[in-house]
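Here is what each chain is made of, one letter per residue.
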Amino acid sequence: LAWTDSQVERLLVTGEHARELIGYFGADEYEDVVQLARHAHSVPLAANAPVVYIVPGIMGSQLGRLRRAPLPNDVLWLDPVDISIGQLGLLKLPAQTAVISLGIVLYTYLRLKLHLRIAGFFPVCHDYDWRRGVDELGQDLAARLAADPARQIMLVGHSLGGLVSRAALASMPADPPR
């Protein structure tokens, strides 16, 4: 599934591409996330809603290769077809080909994002290439946080995402301007 979390949310709300999304989530989970997405997007979001960055755990971000439109990006992790034909070797470091993070693994983190939205937060997913070092990943997240104009930012890190979040906070000034 090469759509971003925001694109999938919109598709769940509108009902577009239901067949493809049922294939990804399964029929029962699809029905559940459709209801959750519609509820989340019916709740008005305050202009000053706190931003919550969701930082997934190891292997919680899709990895793959960019392709030119109209082709979708080539998701290697977590694509069952690529896994079954032995394409995971392309993830080996040092990389033989340009592999980047292509978004969160939706069936793991989309529900959390939608529940945060329902609770009045503005959730943002911070996907990353989990093959890289925690220090590098922390610096990347710190740069993203520093560039965010929001007055209030929170982090929710799962597993390795918690370590990346801690590294980001450790590399930021003690009292960043807001």
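Details of the structure are given in the entry above.
Cut-offs applied
Residues numbered from 1 in each chain as written. Predicted model: local features only at pLDDT ≥ 70, side-chain atom pairs only at ≥ 80, totals over all residues. Heavy atoms only, no water. Helix = DSSP H or I, 4+ residues; strand = E, 2+ residues; numbered from the N terminus. Rg over C-alpha atoms; globule rule 2.2 N^0.38 Å. Buried < 20%, exposed > 50% of the residue type's maximum accessible area, 1.4 Å probe, protein only. Salt bridge = Lys/Arg side-chain N within 4 Å of Asp/Glu carboxyl O. Pairing = 2+ DSSP bridges. Contact = heavy atoms within 4.5 Å. Axes fitted to C-alpha atoms, helices over the stretch in contact; angles between N-to-C directions. Left-handed = near helix turned anticlockwise from the far one by under 90°. Nonpolar A, V, L, I, M, F, W, Y, C, P; charged D, E, K, R; others polar.

To continue, consider the overall build of the chain. In terms of helices and strands, the chain carries seven helices and six strands. When the helices and strands of the chain are read in sequence order from the N terminus, they spell out α-α-α-β-β-β-α-β-α-β-α-β-α. In terms of C-alpha radius of gyration, the chain reaches 17 Å, essentially the compact-globule figure of 16 Å for 178 residues. Overall size of the chain, expressed as C-alpha extent along the three principal axes, is 50 × 45 × 30 Å. Counting only residues that meet the buried cut, the chain has 38% of its 178 residues in that class.

Here we take up the pattern of salt bridges. Per the stated rule, a full pass over the model turns up nine salt bridges. A salt bridge links glutamate 29 to arginine 111, with the nearest nitrogen and oxygen atoms 2.9 Å apart. With a gap of 82 residues between them, glutamate 29 in helix H3 (residues 27-42) and arginine 111 in helix H5 (residues 106-118) connect regions that are remote in the sequence. Given a relative accessible area of 30%, arginine 111 falls into the partly exposed group. In this structure, arginine 65 engages aspartate 74 in a salt bridge whose closest nitrogen and oxygen atoms are separated by 2.5 Å. Overlapping salt bridges, with partners in common, bring together Asp5, Glu9 and Lys113 in one network.

Let's shift gears to the pairing of strand E1 (residues 51-55). Burial of E1 is extensive: five of the five residues sit out of reach of the surface. Along E1, one buried face is formed by Val51, Tyr53 and Val55 and the opposite face, lined by Val52 and Ile54, is buried too. Here four bridges tie E1 to strand E5 (residues 122-125), and the two strands are oriented parallel to one another. Note on E5: the bridge partner recorded for tyrosine 53 is valine 124.

What follows concerns the environment of histidine 158. Turning to its location among the elements, histidine 158 is positioned in the loop between strand E6 (153-157) and helix H7 (160-171). Considering only alpha carbons, one finds histidine 158 and isoleucine 58, 100 residues apart in sequence, at a separation of 8.4 Å. Residues within four places of histidine 158 in sequence aside, it is in contact with Val55, Pro56, Gly57 and Tyr109.

The subject of this paragraph is the sheet that holds E1. Here three strands make up an open sheet; going across it, the order is E5-E1-E6 and the pairing parallel. Bordering the open sheet on either side are E5 and E6, each of which pairs with just one other strand. Pairwise comparison of adjacent strand axes, ignoring direction, gives a mean angle of 25° for this sheet. Taken strand by strand, helix H6 (residues 134-147) contacts E1, E5 and E6, and its axis lies near 165° from that of E1.

Attention shifts here to the sheet that holds strand E4 (residues 100-104). Pairing within the open sheet is antiparallel, and its three strands lie in the order E3-E2-E4. Every interior strand has two partners, whereas the edge strands, strand E3 (74-77) and E4, have only one. Averaged over all pairs of adjacent strands, the angle between strand axes in this sheet comes to 45°, irrespective of strand direction. Pairing of strand E2 (residues 61-65) with E4, which is carried by three bridges, proceeds in the antiparallel orientation. Residue pairing for E4: glycine 64 is matched across the bridge by isoleucine 100.

The interhelical angle for the contact between H6 and H7, taken along N-to-C directions, is 65°, at an axis separation of 7 Å. Handedness of the crossing formed by H6 with H7: right-handed. Contact with H6, carried on its side by Val134, Leu137, Gly138, Gln139, Leu141 and Ala142, involves Leu160, Leu163, Val164, Ser165, Ala167, Ala168 and Ser171 of H7 and no other residues of that element. Residue composition of the contact of H6 with H7, by class: nine nonpolar, four polar and no charged.

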